[in-house]
Amino acid sequence: GRSWSCGRNSGQSVLASDEGIRDLVSMAIMDKAPFKERVRYWANKLEVKVTSISIRAMKTKWASCSTTGRMTFDTSLLELRHKLQDYVIVHELLHSRVPNHGKLWKSLMHAHLGDYERCEQELQKIAHKKAPQRTLRSNRLKKFVTRRE
């Protein structure tokens, strides 16, 4: 079987071929697959070209996007209900068309998600619980998606 590098001990690699580790890695990959499918669904619906989808731990944001179509999402999104995931996904994808949170962006959010402001507020509350020592600089969300400040 395949060995997994787990860490170092006195300069020596510590290897594990334990089925449990492989199962955990497999589960982590599988948990991301449905989320990535949601991103692809919304990208097709919004006619946005996505070149890559990454899911990793992010300290201050729920997500980010590049001008080349690279999308990065915070791993904690995988734990949230689909409506909140959709908010973050659509929010990011719309920024490929509209770079700010002006009237056009807001009207597109309403068109695709309805009362998106409730999701925005819920994400703010979750962000405060995850990082209570930080505060939001304003009631409106800053740059791209809800910042977890």
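Residue indices begin from 1 for each chain and proceed along its sequence in written order. A pLDDT threshold of at least 70 governs which residues receive local features in this predicted model, and a stricter bar of 80 or more applies before side-chain atom pairs are shown or counted, although totals over entire chains, interfaces and linings include all residues. Think of the side-chain values as coming from all heavy atoms in the structure, minus any hydrogens and water.

Chemist: How would you summarise the pairing of strand S5 (residues 70-74) if you had to cite specific residues and measurements?
Modeler: The rule is simple: take the accessible area with a 1.4 Å probe, protein chains only, and divide by the maximum for that residue type; under 20% is buried, over 50% is exposed, in between is partly exposed. Helix and strand assignments follow DSSP, with helices taken as H or I runs no shorter than four residues and strands as E runs no shorter than two, numbered in order from the N terminus. Here S5 lies mainly inside the structure; four of its five residues are buried. The pairing of strand S3 (residues 52-56) with S5 spans five bridges and is classified as parallel. Paired with Ser52 across the two strands is Arg70, which belongs to S5. By the convention used here, strands pair only if DSSP detects at least 2 bridges between them. Direction of pairing for strand S4 (residues 63-65) relative to S5: antiparallel, over a ladder of three bridges. In the strand pairing of S5, Cys65 is matched with Met71. Between S4 and S5, which follow one another and run antiparallel, lie four residues, and Gly69 among them has a positive phi close to 95 degrees.

Chemist: Tell me what's going on with the environment of Lys83, and back it up with residues and numbers.
Modeler: Position of Lys83 among the secondary structure elements: in helix H2 (residues 82-94). Looking at Lys83, the relative accessible area reads 47%, which means it is partly exposed. Here the alpha-carbon distance between Lys83 and Leu113, two residues 30 residues apart in the chain, equals 8.7 Å.

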